[in-house]
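Coordinate analysis (summary)
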Amino acid sequence: MKITHLKLNHLVNPLGYDLSRTSFSYVVEEAKGSYQKTARFQIALDEAFAQVVYDSGEIDEIQSTGFEPEVSLEPQTRYYWRVSVTDDAGDQAVSEAQWFETAKSVSAEGTEGLWQAKWITPAADKEVQAVVFKDIDVTKPVEKARIYVTGLGLYELYLDGEKQGDEYLLPGFCDYDTWIQYQTFAPELGQGSHRVEIVLGDGWYKGNYGLRQRYENYGDRLAAVAELHIWYADGTKDVIGTDTSWQARKSRITGSGIYCGEVYEPGLDVQETFGTELIDLGYDRLSPRLSPAIHVHEKLRPVEVITSPKGETILDMGQNMVGWICFHSNAPAGTRIYLQTGEILQEGCFYNDNPRTAKSEFTYISDGQDRWVRQHFTFYGFRFVRIQGWPGEVKPEDFEGWVLHSEMEEVGEVTTSDPLVNQLIHNAKWGMKGNFVDVPTDCPQRDERYGWTGDAQIFSGTACFFMDTDAFYTKYGKDVWSEQKKLGGSVPDVVPVCNYPGDASTAWGDAATIIPWNVYLHFGDKGILARQYESMKGWVDYMYREDEKDGGKRLWLTGTHYADWLALDGNYPGGVFGATDPGLIASGYYYYSARIVEKSAAVLGKKEDAAFYGKLADEIRDAFEKEYFTPTGRLAVDTMTAYVFVLYTGLTPKHALKKVRRGLLNRLQKNFYHLETGFVGTPYLCRVLSENGMNDIAYHLLLEKGYPGWLYEVLMGATTIWERWNSVQPDGSISGTEMNSLNHYSYGSIVEWMFRDMTGINPSEEAPGFKRFRIAPTPNYRIGSACAKLRSAAGLIESAWEIRDGKYHFRFVVPFDTTAQLVLPDARLADLADSLKAQGLEGTEGGSDVRDQVIAQAGPGTYEFTYEPTVPCRKIYSLDSTWEELKANPKTREILAKEYKTKEDHIPFEKELCTLYEMTWGPFTCVPQEQRDKIDRLLRAVED
């Protein structure tokens, strides 16, 4: 047995974090048994566990996905923890010791009076980029030292000229009006003279950032507060805090901004000092950090040095990435090297108009020294770099792209037999990397880079499959609630707000409920529900008040909403608003969020709230049915997104289910089986299709190579997800610059369908964190094989399938201490009885009205099944053939003549068959049975 992946609040060995809640988690691997019988959890003040401050004893209540011990923590203290596990076979293991250390305070509460240090600002013009510093003498042997520090807008901490820590863009981006994170450093400090320096930059706080107010959104001066605590070997202690004894000087980073880039002059004479002044920023906002560290995770070398038709020298990094372009330089003193970044070339030449006013540039003025040069207080979204002023030959080995994003363990991957689909998955993950830099942004390159709540919400499910996002979303959730409290519970369109007006838009505001619920489902830690409960409730209460103002209809029909943003069925070409009634979407999310709050209240033991929000959700559902469904079951709003949305949210009455499914199929037929959904419909589209008897169409949409389609952009060379389906035209020209990002993760939400439906891995509300889960794959012959691996909170889950020799081949892995429901599609129990019995399983048939399936409950282990499905899984007709060739086949004409009496009857049949023959023939329940039989006979006759 091994105990691995030990985390506190989903962080590894956290130093100086807000620990107002503590949840410890771990994973057991290679156990002889199947289930955890007991566990013992210990916290101590020393690594040898001689000074134990908490010991649970051997108990059976410890959940590996989140254990919250009742222990009182002291500030400025390092603790060690470990867990031992015994399984049902008697196998035992003790984990390696992990550590965590509290900050100046354990939580954000009660920070007033804790700080001896003063907020200081450089005594210079506010535009001057500066460094504050202090020289100190350490006269006695040191036991340990800590520096508690933050800087506004951004900072880097140096001790004796050496950067402290491997993090960047500190203190991160948050709602500075409400809270400011400080960080804890553990420097190596010996006897002698030392210099402590805090290098400051404008950042999000006061620099060039924002769509409305362009500068000074949170403050107009650089500032810092810091305390150096020194514990000596003789038991004494010193605290050296920032005050007016600290000096300031000009920074060699002479200009920086999130949008504009940076100017770095290492040879600048900075000997002149100009002192510091006190600045009254208070201490009530200072808080131990929540943000996961922003690290350099990868370093990419250019794949090519291009000389453009204009004679430009351009680096191609081979990947649209986010971070820095770093280089090795030994250029003569005074050499000015100028870099610009862009996402795409146009006619082989450098192009960066789509970032709009964001200059995205870097200027380096050499001092003649040999060094690797990097940026400090900016970041870029780019694939291409134009270089000017470079002395000599530009060589790829002299450059690196440093990939920056927040620390999140990668936990999930999907691979298929289709290389284009694999590239799409790659693009979605890289879109997430680039847009998860402390805040889930819409795009990383243009003069925006906002934490749009709608984008964050629709991608959150995919994000949780890709990476352990618990800590990341915990921090973002604090920002959401901080902003909500200013608006009476309404959720802003962007978080942090940064003076951007706009709030209370459906789907965007529902980030307050959907994100924490997704995190809870995936990671099994109810701590995020506890932290966010008031935020979740506040959003639903806001919608409830708006409903009451409008007469208490239990619908949300007021306000202005983005709704199905960027849908293709809008009133005019190129528009951004879809055709789906915003009232339907707003009322549907009103219901969906109320239901989430009901369930969250139940998890947290808030019975009265659970009853209230459950009743509210029931009332909304009933009102929704009366408003949007006819008595015969027809949905009143005839759009693709409307059908998808009511099916996904559970707002389709049973008597309307068949008509709604048929309505969705009709919309797809009318649009020639192309999607026309936007931000609301697209994330759910393929999931709804696969779960409602139209799995064939889900795969058809996935594999669409034309516009609009996911693979169109892959074929156009994309390495991240685009903002628009046609961001780049077939001739390679960019389709516009006003709102056209080539790194915009939202539509990458298709990958959630790949995990949940293609490979079938689904968490359970009854036992979140994949303690219980469902594997229900939905194969389709158009992809020969697929495999998902998820290092879930409970352990490694695998689901793989292959279609070979007309049979399905499945392989499932269920980890230790979990239970899975295995759902085998297109299967009969009689055909699988022997296989099930040999693997110690019992199966049942049923559970679906759209396909045959066999269901079995499985404990930990590996399971394999091979069988011939009840529907054909082979290609019935060559996909290389055209419809005209199919119709030209004499047998086709013969069958058509038998099945249809008149030429007029052929026309709709031919149109439908034209699309259907390109897909597998399967359980297409939305097509009338008579027509299904005719199509089946025709295709089989042609094949024979």
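A quick note: this is a predicted structure, and the numbers were derived from the prediction, not measured.

Reading the values: the criteria
Residues numbered from 1 in each chain as written. Predicted model: local features only at pLDDT ≥ 70, side-chain atom pairs only at ≥ 80, totals over all residues. Heavy atoms only, no water. Core = buried A, V, L, I, M, F, W, Y, C linked by side-chain atoms within 4.5 Å. Buried < 20%, exposed > 50% of the residue type's maximum accessible area, 1.4 Å probe, protein only. Helix = DSSP H or I, 4+ residues; strand = E, 2+ residues; numbered from the N terminus. Contact = heavy atoms within 4.5 Å. Expected span 1.5 Å × (residues − 1). Pairing = 2+ DSSP bridges. Axes fitted to C-alpha atoms, helices over the stretch in contact; angles between N-to-C directions. pLDDT = per-residue confidence, 0-100. Polar contact = N/O pair within 3.5 Å; in protein donor to acceptor, adjacent residues only side chain to side chain. Phe/Tyr/Trp six-rings, centres within 6.5 Å; stacked < 30°, edge-to-face > 60°. Lys NZ or Arg CZ within 6 Å of the ring centre and 35° of its normal. 1 Å grid on protein atoms, 1.4 Å probe; cavity = no way out; pocket = protein on both sides within 12 Å on 5 of 7 lines; lining within 4 Å. Points joined across faces, edges and corners; volume = space filled by probe spheres on them. Nonpolar A, V, L, I, M, F, W, Y, C, P; charged D, E, K, R; others polar. Salt bridge = Lys/Arg side-chain N within 4 Å of Asp/Glu carboxyl O.

L664, L702, M754 and F865 are the most contacted members of the largest nonpolar core, which has 216 residues in total. Sorting elements by how many residues they give to this core places helix α7 (residues 582–603) first, with eleven residues. Those residues within four positions of F865 in sequence are excluded, and the remaining contacts are Y808, H809, F810, F812, L822, L824, L832, S835, L836, Q839 and L841. Ranked by size, the runner-up nonpolar core spans 26 residues in total, among them Y26, I43, V83 and V106.

Its 15 residues give helix α4 (residues 470–484) an end-to-end C-alpha distance of 20 Å, which sits within 8% of 21 Å, the value for a rise of 1.5 Å per residue. Within α4, 13 of the 15 residues are buried, which leaves it mostly tucked inside the rest of the structure.

Strand order in this open sheet of five strands is β33-β38-β39-β40-β44, and the pairing throughout is antiparallel. Edge positions in the open sheet fall to β33 (412–416) and β44 (861–867), since each of these has one partner strand only. The sheet shows a mean angle of 5° between the axes of neighbouring strands, direction not considered. Where strand β38 (residues 785–792) meets strand β39 (residues 795–804), eight bridges bridge the pair, whose relative direction is antiparallel. Bridging from a neighbouring strand, A786 pairs with W801 of β39. The sheet strands contacting helix α14 (residues 750–758) are β33, β38 and β39, and the helix crosses β33 at an angle near 80°.

Along strand β37 (residues 772–775), the buried face is formed by F773 and I775; none of R772 and R774, which line the opposite face, is buried. As paired strands, strand β36 (residues 761–763) and β37 are joined by three bridges and run antiparallel to one another. Along β37, the bridge assignment pairs P763 with F773. Across four bridges, β37 lies against strand β41 (residues 819–825) in parallel orientation. Paired with F773 across the two strands is A820, which belongs to β41.

Bringing the confidence of the model for the protein chain into the picture now. Scored by pLDDT, the protein chain has a mean of 92; 92% of the residues are at 70 or more. Across residues 874–884 the pLDDT falls below 50, and counting only partners more than four positions away or on other chains, this stretch makes 25 contacts in the model. The low-confidence segment residues 899–928 (pLDDT under 50) makes 85 contacts with residues lying over four places distant or belonging to another chain.

This part is about the environment of E68. As for its placement among the helices and strands, E68 is situated in the loop between β5 (52–55) and β6 (78–87). A residue is classified by how much of its surface remains accessible, and E68, at 31% relative accessible area, is partly exposed. At 2.8 Å, the side chain of E68 forms a polar contact with the side chain of R21.

Going through the model one piece at a time under the given rule, you end up with 64 aromatic pairs. With 5.4 Å between their ring centres and 85° between their planes, W565 and F577 make a pair best called edge-to-face. Here W565, found in the loop between α6 (527–549) and α7, pairs with F577, found in the loop between α6 and α7; they are twelve residues apart in sequence, far enough to count as distant. According to the relative accessible area criterion, F577 is partly exposed, its value standing at 46%. The side chain of K104 reaches across the aromatic face of Y148, ending 5.9 Å from its centre. For the cation-ring pair, K144 lies above W231, with the distance from its terminal atom to the ring centre recorded as 4.5 Å.

Another point: empty space enclosed by the protein. Which parts of space are left empty comes out when a probe the size of a water molecule is rolled across the atoms. Counted according to the given criterion, the structure contains eight cavities of 30 Å³ or more. What lines the largest cavity is a set of 19 residues, and nearest its centre among them are N9, R21, D470, T474 and R531. Elements with a minimum of two residues in the lining of the largest cavity: α4 and α6. When residues in the lining of the largest cavity are grouped by element, the largest group, four residues, is from α4. Taken together, the residues of the lining of the largest cavity sort by class into six nonpolar, six polar and seven charged. In this structure, the second largest cavity spans a volume of roughly 130 Å³. Lining the second largest cavity are 16 residues, with D468, F523, R791, S792 and A793 positioned closest to its centre. For the lining of the second largest cavity, the secondary-structure elements that each account for two or more residues are β1 (2–8), β3 (24–29), α5 (511–523) and β38. Residues belonging to the lining of the second largest cavity are distributed by class as follows: eight nonpolar, five polar and three charged.

Time to look at the layout of surface pockets. Approximately 690 Å³ is the volume found for the second largest pocket. Lining of the second largest pocket is provided by 38 residues; of these, V12, N13, P14, L15 and H295 occupy positions nearest its centre. Elements with a minimum of two residues in the lining of the second largest pocket: β2 (15–17), β11 (142–152), β14 (180–185) and α4. If one sorts the elements of the lining of the second largest pocket by residue count, β11 sits on top with five residues. Taken together, the residues of the lining of the second largest pocket sort by class into 18 nonpolar, seven polar and 13 charged.

One pass over the structure, following the stated rule, counts 55 salt bridges. K206 is paired through a salt bridge with D202; the nearest N and O atoms lie 3.0 Å apart. As far as the burial class goes, K206 and D202 line up, both buried. The shortest N-O distance in the salt bridge between R446 and E723 comes to 2.8 Å. Here R446, found in the loop between β35 (439–440) and α3 (453–466), pairs with E723, found in the loop between α13 (710–715) and α14; they are 277 residues apart in sequence, far enough to count as distant. Just as R446 is buried, E723 falls in that class too. Through salt bridges with shared partners, a single network forms among R214, R356, D442, R446, D447, E448 and E723.

Moving on, we come to the sheet that holds β37. Read from one edge of the open sheet, five strands run β36-β37-β41-β43-β42, paired in mixed fashion. Edge strands, defined here as strands with exactly one partner in the open sheet, are β36 and β42 (843–845). When strand polarity is set aside, the average angle formed by the axes of neighbouring strands in this sheet is 20°.

Right, let's get into unusual backbone geometry. For the peptide bond that leads from L152 to G153, omega is -5°, which places it in the cis range. Inspection of the secondary structure assignment puts G153 in the loop between β11 and β12 (154–159). A cis amide bond links Y707 with the next residue in sequence, P708, at an omega value of -10°. Within the fold, P708 resides in the loop between α12 (695–702) and α13. Backbone geometry at E30 places phi at a positive 55°, although glycine is not the residue there. Inspection of the secondary structure puts E30 in the loop between β3 and β4 (36–44). When its relative accessible area of 59% is taken as the criterion, E30 is described as exposed.

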